[in-house]
Amino acid sequence: MERTLVLLKPDAVQRGLIGAIITRLENRGLKLIAIKFTSLDRSLAEQHYAVHQGKAFYDGLIAYITSSPVVAMVWEGPDVVALVRATMGATHPRDASPGSVRHDYALQVGRNLTHASDETQTAAVEIKLWFSEDELVDWDRANDAWIYEGE
Ligand code: DAT
Ligand code: MG
């Protein structure tokens, strides 16, 4: 089953939106595999956002993501990468669809609350960066038959 990395960034934590955002993922039927509440050091932030190095917003992005603790999670489900990106909404809250997290709770791109992996390959790399293999919990969920067809 596909997996993705989700971060609730410092603004989500500071604004008390951890529960509201996690509830949306739970309500969709996605399955939580790993979760930690942690502060990033600069090295992890730079590795996580390596693809954006050199861009105009990079320094501000690193300062923002390291400014306060984050919640890091791994979620599992069919097409979970695309599903979670849709739940979070477009990168810029101005472009995010009504009903998405970034539409409903955010205003500006530099305070857009969440990170979610953008492709399955990126997800694999990001999950390895944030979690060790033994932190990924393999568990049976009682209501899977009512969420996945053909179970
Ligand atoms: P996403 O987080 O939707 O995957 P991204 O990978 O393109 O978006 O960018 C990573 C983060 O960097 C994004 O969540 C917020 C910030 N960012 C992106 N583009 C920006 C811009 N033009 N100005 C300021 N911050 C930006
Ligand atoms: Mg991205």
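To start, this report covers the structure provided alongside it. Bear in mind the structure is a predicted one, so any value in this text is a computation, not a measurement. (Residues numbered from 1 in each chain as written. Chains lettered and ligands numbered in written order. Predicted model: local features only at pLDDT ≥ 70, side-chain atom pairs only at ≥ 80, totals over all residues. Heavy atoms only, no water.)

## Here's the deal with the site of ligand 1
As a matter of local geometry, ligand 1 sits amid Lys 9, Tyr 49, His 52, Phe 57, Leu 61, Arg 85, Thr 91, Arg 102, Val 109 and Asn 112. Contact between ligand 1 and Asn 112: an oxygen atom at 2.8 Å from a side-chain N or O atom of the residue. Of the residues assigned to the shell around ligand 1, the class counts are 4 nonpolar, 3 polar and 3 charged. (Near = heavy atom within 4 Å. Polar contact = N/O pair within 3.5 Å; in protein donor to acceptor, adjacent residues only side chain to side chain. Nonpolar A, V, L, I, M, F, W, Y, C, P; charged D, E, K, R; others polar.)

## Overview of the side chain of Thr 87
Inspection of the secondary structure assignment puts Thr 87 in helix α5 (residues 80-88). Side-chain polar atoms of Thr 87 contact the side chain of Arg 28, separated by 3.1 Å. (Helix = DSSP H or I, 4+ residues; strand = E, 2+ residues; numbered from the N terminus.)

## Quick look at the sheet that holds strand β4 (residues 114-116)
An order of β2-β3-β1-β4 is seen for the 4 strands of this open sheet, with the pairing classed as antiparallel. Looking along the sheet, the strands with just one partner apiece sit at the ends: β2 (31-38) and β4. Across this sheet, the average inter-strand angle for adjacent strands is 15 degrees, counted without regard to direction. Contacts from α5 reach β1 (3-8), β3 (70-76) and β4, with the element oriented near 25 degrees to β1. This element, helix α7 (residues 120-130), spans β1, β2, β3 and β4 of the sheet and lies at about 55 degrees to β1. (Pairing = 2+ DSSP bridges. Axes fitted to C-alpha atoms, helices over the stretch in contact; angles between N-to-C directions. Contact = heavy atoms within 4.5 Å.)

So, to be careful, I would describe these as geometric facts and stop short of saying anything about function.
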